[in-house]
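Observations on the model geometry
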Number of protein chains: 2
Amino acid sequence: MSDRFMTQMQMARNNIVSEEMRICALGEGVPVEVIMEKLANGQAVIPKNRLHNISKPKVIGSNFSVKVNANIGTSFGYSSLKEELEKLNVALSAGADSVMVLSTWGNLSEMRRIIVENSPVPVGSVPIYDSAVKAYEEGKNVIDFSEKDFIDMVYAHAKDGIDFMTIHVGITKDVLKKLKDSKRILKIVSRGGAIIAGWMIKNNRENPFYEHFDEILDIAAEFDITLSLGDGMRPGAVVDATDPQQLEELFVMSQLVDRAREKGVQVMLEGPGHVPLNEIETNVKLMKKIGKGAPIFLLGPLPTDRGVGHDHIVSAVGAAFAAYHGCDFICYVTPAEHVALPDVEDVKYGVIASKIAAVIADVARGNKKALELEHQMALARARFDWNKMFELAIHSEDAKKKLKSRPYESEGCSMCGPFCAIKVTKDFSEGKITVMM
Amino acid sequence: MSDRFMTQMQMARNNIVSEEMRICALGEGVPVEVIMEKLANGQAVIPKNRLHNISKPKVIGSNFSVKVNANIGTSFGYSSLKEELEKLNVALSAGADSVMVLSTWGNLSEMRRIIVENSPVPVGSVPIYDSAVKAYEEGKNVIDFSEKDFIDMVYAHAKDGIDFMTIHVGITKDVLKKLKDSKRILKIVSRGGAIIAGWMIKNNRENPFYEHFDEILDIAAEFDITLSLGDGMRPGAVVDATDPQQLEELFVMSQLVDRAREKGVQVMLEGPGHVPLNEIETNVKLMKKIGKGAPIFLLGPLPTDRGVGHDHIVSAVGAAFAAYHGCDFICYVTPAEHVALPDVEDVKYGVIASKIAAVIADVARGNKKALELEHQMALARARFDWNKMFELAIHSEDAKKKLKSRPYESEGCSMCGPFCAIKVTKDFSEGKITVMM
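Residues numbered from 1 in each chain as written. Chains lettered and ligands numbered in written order. Predicted model: local features only at pLDDT ≥ 70, side-chain atom pairs only at ≥ 80, totals over all residues. Heavy atoms only, no water.

A few points about the interface of chain A and chain B
Threshold: We call two residues contacting when some pair of their heavy atoms lies within 4.5 Å. Once two parts are joined, some of their accessible surface, as seen by a 1.4 Å probe, is lost; buried area is that loss totalled over both. Any carboxyl oxygen of Asp or Glu within 4 Å of a side-chain nitrogen of Lys or Arg constitutes a salt bridge here. Counted as a polar contact is a pair of N or O atoms within 3.5 Å, where, for protein atoms, one must be capable of donating a hydrogen and the other of accepting one, and residues adjacent in sequence contribute only when both atoms are in side chains. Residue polarity follows a fixed list, in which Ala, Val, Leu, Ile, Met, Phe, Trp, Tyr, Cys and Pro are nonpolar, Asp, Glu, Lys and Arg are charged, and the others, Gly among them, are polar.
On the side of chain B, 107 residues touch chain A, which itself brings 107 residues to the contact. Between chain A and chain B, the buried area comes to about 9,700 Å², and carbon and sulfur atoms account for 72% of it. For the pair chain A and chain B, the number of links is 6 salt bridges. Between R406(A) and D346(B) there is a salt bridge, with its nearest N and O atoms 3.2 Å apart. Our enumeration of links across chain A and chain B arrives at 28 residue pairs in polar contact (both at pLDDT 80 or more). Of the residues contributing to the side of chain A that touches chain B, the split by class is 72 nonpolar, 21 polar and 14 charged.

This is the structure in structure tokens:
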């Protein structure tokens, strides 16, 4: 580690303005001092590995605009670098603020490096997957790997240029013991969480991430990895939500947030999962409180389990509501969730749905840029200015196709034709109708 | 009017149990007395024209399950009865609780009667459209029709068997005058509202629906039409939401609710429109309060204007939130909203998105049936019981296709393959992994 190297948090604390801070301040439309203050106290993060040349850094947290992450990656039997690059590109062009490479098949390190190289936005990963894949490839059970693997894989991912990593550090022996006696229907639905839990149970050992958290912090500080404290105990069913198990893990995370901040390591908290709409506000506010204001990264949340095939929509509802109440970072859910590995089209629609949620939340939170865009959209509609409407749209491709496929030749569209309310109103406003009033 | 004929409201008040009440009570899983009490005091409606033989009546309002309406209908240049019947069928099979026939081209009365005949669920309409279409067909401006038309069209639709009708009765001269001086960007976006406003301005007259509301009530009582008081002043842009214009109209509606109830006419209130997420709760609660607990029927609401091409998702977010706070009846929005007349596929995806919103709200509102289905879904997931999952899904078609197209041959799916959290957890729970703990 270079003596001069500092994490974004350390720079902010030392009043050093990084290039990333400057770009983020411009993007958010706030003075760079605001970004620095939030980085310094841990209420915001800028994930950026010192080895990754990021042209579009993102600030996540506090009241900054809501960000969207897209998970890509291969799976057993479905491993194509070409397709992964396509997924990356479609995610970026749909507006993803980051991607996570969650590959579990193929040459994992090579794919990771290539995605990092090609990504102008932060790239995340879950290092423990590699240990499970290695075990499986060697014909062993997926949890048959060594304690050393935990740390080694984090280091390997750091060297590959990964900007943020999910570390399921909150599943302690104590938490697992309580889980055993719980009435949860779906005990663990986190892939990384289940692997670590399995490892702990098989070996009758404490979670190595927890035991060796200082080592993890050292690696994170060396590369400026943003740690994303993974919620291995996230509920996987609406009826399992907001239970003591989930909260026990959150309490563990709470202490680790302090330890990360002491070492100048950027940290955020991951959260549920499947949560009914009436419990989302409580979940987010509790995470913010117990997590000491650290940025919150939610997967979903899904407020019903019955939307299979359309879980991107279910998730948009949960995410918009969560972000409105303070969630900073939305992990997308694709239409393929719960049934298959997402393909390129699933990635696209997953990002679009999450971007919609992010925009809705930005507007509701009073984000000035977001409100200004809504204002412009209203003006464009009033003027039947289709080009401007499409330019302002979150994703205009499908709308353009529809407009073209079922056109109406005058002002307005084929929905209302000559009976368009805006047209009729315009006519009498402009005196095209003889007005007696 | 037969001496013996009573509206559902009048029957409930006279302690007469109708067949529709019985079916609805079964559907909701509540004693019929609960339905009757809410019908009697106007907090719920069962739309059913005496001439329409409805096999699947729906109770809308109070804390009953949230219902979904699908708008179908032709438009200038796009008029096919065959396609409209397809839309009806796809809407029904996706779970629509009602349809509105909003045709503005072709043989309107014939199409209406055929849809009514073929619909086992309530059918709604907007009678004033017919007047505008007639004027346009005669080469006149769409607002060139007679005062008599207002009443005649309502009667014609009643005789066609329409169960509920949107009557834009709240746009009074006073409301319009205030609109003129307002800073709204999109003055009127309601098609019916704009036509009526244009008519009023051109003729310098009060809104005939308002002036002749007693006659409208008499027709409604004669056929048991549920009146849906249309919000001609609904905001058409997020930046226009919750303004005095919208509320002035609501205040007019408030008085009309009383007058309808006095005559035993079932009535509900229509609402916005485009509303930012942070104003939806206020809007719904204000409508419930000012509307004296009458059922609320919302179009959207859309919490961003920038989702064009994906407005079904935008609307699902707004509708779930609105229904959680008390909205009873969701009017779907399709992916074609703001760009084109919806086709059959748009209708399908519009209904699915709204059903998702309705289910999310039902769960959040603590609806027992909805919670039981979530419970069963969690059990099915834990058991990898795909058939049961699909059976419980809101709409399983797309999920089935995805599962088939990218299969995984063991338990679980291609998302996680051998690293499935549920599988790994199951293995160590069942002792398939040697456990030392």
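Let us keep going from here.
Section: the UniProt feature "binding site: [4Fe-4S] cluster" (unreviewed entry) in chain A
Applicable threshold: UniProt positions are given in the numbering used here, feature names are shortened, and annotations may be inferred rather than shown by experiment. Here a strand is any run of E in DSSP of at least two residues, a helix any run of H or I of at least four, and the numbering for each starts at the N terminus. Only protein chains enter the accessibility calculation, which uses a 1.4 Å probe; a residue is then buried when its area is under 20% of its type maximum, exposed when over 50%, and partly exposed in between.
UniProt's feature table lists "binding site: [4Fe-4S] cluster" (unreviewed entry) at C413(A), C416(A) and C420(A), given in the numbering used throughout. Counting through the fold element by element, C413(A) comes out in the loop between α18 (397-405) and α19 (421-429). Classification of C413(A) as buried rests on a relative accessible area of 10%. Structurally, C416(A) can be placed in the loop between α18 and α19. Non-local contacts of C416(A), meaning those with residues more than four positions away in its chain, are made with S75(B) and R191(B).

A short note on the relation of the copies chain A and chain B
Between the two copies of the chain lies a rotation about an axis combined with a shift along it. Worth spelling out the cut-off: Fitting of the copies onto one another was done by least squares over C-alpha atoms, counting residues only where both copies have pLDDT of at least 70.
Of the transformation superimposing chain A on chain B, the axial component is 0.0 Å and the angular component is 180°, with the fit at an RMSD of 0.0 Å. The two molecules are tied by a two-fold rotation axis, judged by turn and shift. Every residue of chain A has its C-alpha some distance from the rotation axis, and the shortest such distance is that of V317(A), at 2.2 Å. Comparing interface residues between copies, 100% of those in chain A also lie at the interface in chain B; the contact surface is shared.

So, the environment of G307(A)
Mapped onto the secondary structure, G307(A) falls in the loop between β9 (296-299) and α14 (311-324). With relative accessibility at 1%, the residue G307(A) sits in the buried group. Taking the C-alpha atoms as reference points, G307(A) and P335(A), 28 residues apart in sequence, are found 9.2 Å from one another. Apart from the residues lying within four places of it in its own chain, the contact partners of G307(A) are V314(A) and I394(B).

Points about helix α2 (residues 19-28) of chain A
Here is the rule: By definition, the arc is the one covered by directions from the helix axis to the C-beta atoms.
Taken together, the buried positions of α2(A) are occupied by E20(A), M21(A), C24(A), A25(A) and E28(A). Along the axis of α2(A), the buried positions cluster into a sector of 135°, meaning they face one direction only.

Thoughts on the pattern of salt bridges
All names here are of chain A. Using the criterion set out here, one finds 62 salt bridges over all chains in the structure. K67 serves as the salt-bridge partner of E28, at 2.7 Å between the closest nitrogen and oxygen. Here E28, found in helix α2, pairs with K67, found in strand β3 (residues 67-72); they are 39 residues apart in sequence, far enough to count as distant. Each member of the pair, E28 as well as K67, is classed as buried. With a shortest N-O distance of 3.4 Å, D144 and K202 are connected by a salt bridge. Taken together, the residues D144 in the loop between α6 (128-137) and α7 (147-159) and K202 in helix α9 (residues 191-203) connect sequence positions 58 residues apart.

A look at the packing of α2(A) against helix α3 (residues 32-40) of chain A
All names here are of chain A. Here is the rule: For helices, the fitted axis covers only the stretch in contact; all axes are lines through C-alpha atoms, and the angles between them, taken along N-to-C directions, range from 0 to 180 degrees. It is the rotation of the near helix from the far one that decides the hand of a crossing: anticlockwise by less than a right angle makes it left-handed, clockwise makes it right-handed.
Running from N to C, α2 and α3 point in directions that differ by 115°, and their axes come no closer than 8 Å. For α2 against α3, the interelement crossing comes out right-handed. Residues M21, R22, C24, A25 and E28 of α2 form the contact with α3, whose participating residues are V32, I35, M36 and L39. Residues of the contact of α2 with α3, tallied by class, amount to 7 nonpolar, no polar and 2 charged.

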